[in-house]
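Structural description and commentary
In case you want the letters, here they are:
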Amino acid sequence: MRIPFIVLALLAASHPLSARAQDLSGMAGALKVSSTSERTFVAAVSYTQPVGNYNAVSLSYINEGHPQDHHRDGMAGQAWLRTKKVEQGLMLGAGVGRYFFFDTARTDDGLHNFDNDHGWGSIVSLQARWQFDNRWYAQAQLNRIKPDGKDNTTHLLLGAGYRYDGVPGAKLHLQNWAYDDTLTLATGHTIVNSLRSESSRPFTLEYRRAAGKYVDWTVTALDEGNADLAHRRGMAAQLWLIRSLNEKVEFGMGGGPYVAWDGRDTQGHGTRLTGLLSAVARYHANRRWVAQVAWNRVVTDYHRDADVLLVGVGRKF
């Protein structure tokens, strides 16, 4: 997972150069598969951090829809060259980077009729943004993705974004970031990455501690629920890079090992060492209470990847 985390490190490192103006955007549109000319939907969520007046770095989650026999999504880290940032009006940009993909692909092996394939690819993008006279902007973007060993795709996306002013220091909502300890209880929805997308209800208990101005670490007890293909529970440890968007809201990305026992593991291994990639948005209501929304991707080596979507409430102490 090296490229997404390198990008996040750049976001943190860019703080002295651009303490203000971080962007969150959402887009949707149409996708074309190059080899078959098949068309489907595409959607993306992006975080962008300017670096000076003409450059930026971004991290995006991209869902490439449902072409025949494939459900593919992934994380893209990109560096951007842009026209000068404007308070109102048009800004153009070109981006290049790497894309780590997860592809649920149909097979004919007779065991589970799908595989969860993981791999790397390249992504190049062109972007046009119109900044309104408030914090909102409209955006159009063209992506070209070339994954290793997979079909190339072209995306045309339209959407909108919001520009945060940022804060002059990290975790401004805290009087002392070193004591940001939180216990968070969460539940939501688990989706197994199969062609039928079996679902269940998860429950988690997370302990989070600030390890630095831009770094958190967590230990999480996770029960993914009881789906037809997986009944997994275990413990995960993650390291996070995290940025405050304003005095109340922060956004972060994390990853780490996840040791889990799967009651439906037909290969007889039982306990597995898997990976957990996550994104979180946290809202600090006051000094004691925090609400958070999180997306988690369980990355396995036995074709039982899963998305765990969580909403939780935490108590700080």
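Everything that follows concerns the structure shown earlier in this document.
A brief report on the enclosed structure follows.

Thresholds applied
Residues numbered from 1 in each chain as written. Predicted model: local features only at pLDDT ≥ 70, side-chain atom pairs only at ≥ 80, totals over all residues. Heavy atoms only, no water. Phe/Tyr/Trp six-rings, centres within 6.5 Å; stacked < 30°, edge-to-face > 60°. Helix = DSSP H or I, 4+ residues; strand = E, 2+ residues; numbered from the N terminus. Buried < 20%, exposed > 50% of the residue type's maximum accessible area, 1.4 Å probe, protein only. Polar contact = N/O pair within 3.5 Å; in protein donor to acceptor, adjacent residues only side chain to side chain. Contact = heavy atoms within 4.5 Å. Pairing = 2+ DSSP bridges.

This paragraph deals with the packing of aromatic side chains. Evaluation of the coordinates by the stated rule reveals eight aromatic pairs. Ring centres 4.9 Å apart and planes at 70° place the aromatic pair W136 and Y162 in the edge-to-face group. A residue pair is termed long-range when its members are at least 10 positions apart, and W136 in strand β7 (residues 136-147) and Y162 in strand β8 (residues 153-164) qualify at 26 residues. When its relative accessible area of 46% is taken as the criterion, W136 is described as partly exposed. Accessibility expressed as a relative area gives 25% for Y162, which makes it partly exposed.

A separate point is unusual backbone geometry. Among all residues except glycine, the phi angle is most often negative; among peptide bonds, the trans geometry is most common. Residues other than glycine seldom take positive phi values, yet S37 does so here, at roughly 60°. Turning to its location among the elements, S37 is positioned in the loop between β1 (22-33) and β2 (39-51). Positive phi, close to 55°, is recorded for S197, a residue that is not glycine. Within the fold, S197 resides in the loop between β9 (182-192) and β10 (199-200).

For D307, the position within the fold is in strand β17 (residues 306-316). By relative accessible area, D307 is classed as buried at 11%. At a separation of 3.2 Å, a polar atom in the side chain of D307 contacts the side chain of N193. Apart from the residues within four sequence positions on either side, D307 is in contact with H189, T190, I191, N193, W295, N296 and R297.

What follows is about the pairing of strand β16 (residues 289-299). Here β16 lies mainly inside the structure; eight of its eleven residues are buried. Two elements, strand β15 (residues 271-284) and β16, share ten bridges in a ladder whose sense is antiparallel. Note that in β16 the partner of H284 across the bridge is V290. Hairpin geometry of β15 and β16 is characterised by an intervening segment of four residues between the two adjacent antiparallel strands. As judged from the ten bridges shared by β16 and β17, these two strands associate in the antiparallel manner. If you follow W289 over to β17, its bridge partner there is R315. Taking the residues between adjacent antiparallel strands as the criterion, β16 and β17 are bridged by six residues, where H303 takes a positive phi near 65°.

What follows covers the pairing of β9. Pairing geometry for β9 and β17, over eleven bridges, is antiparallel. Counted as the bridge partner of T187 is V311 from β17. As judged from the six bridges shared by β9 and strand β11 (residues 203-210), these two strands associate in the antiparallel manner. By the bridge assignment for β11, T187 is matched with F203. Relative to β10, β9 is paired through two bridges, and the arrangement is antiparallel. Residue I191 lies in a different strand from β10, and its bridge partner there is S199.

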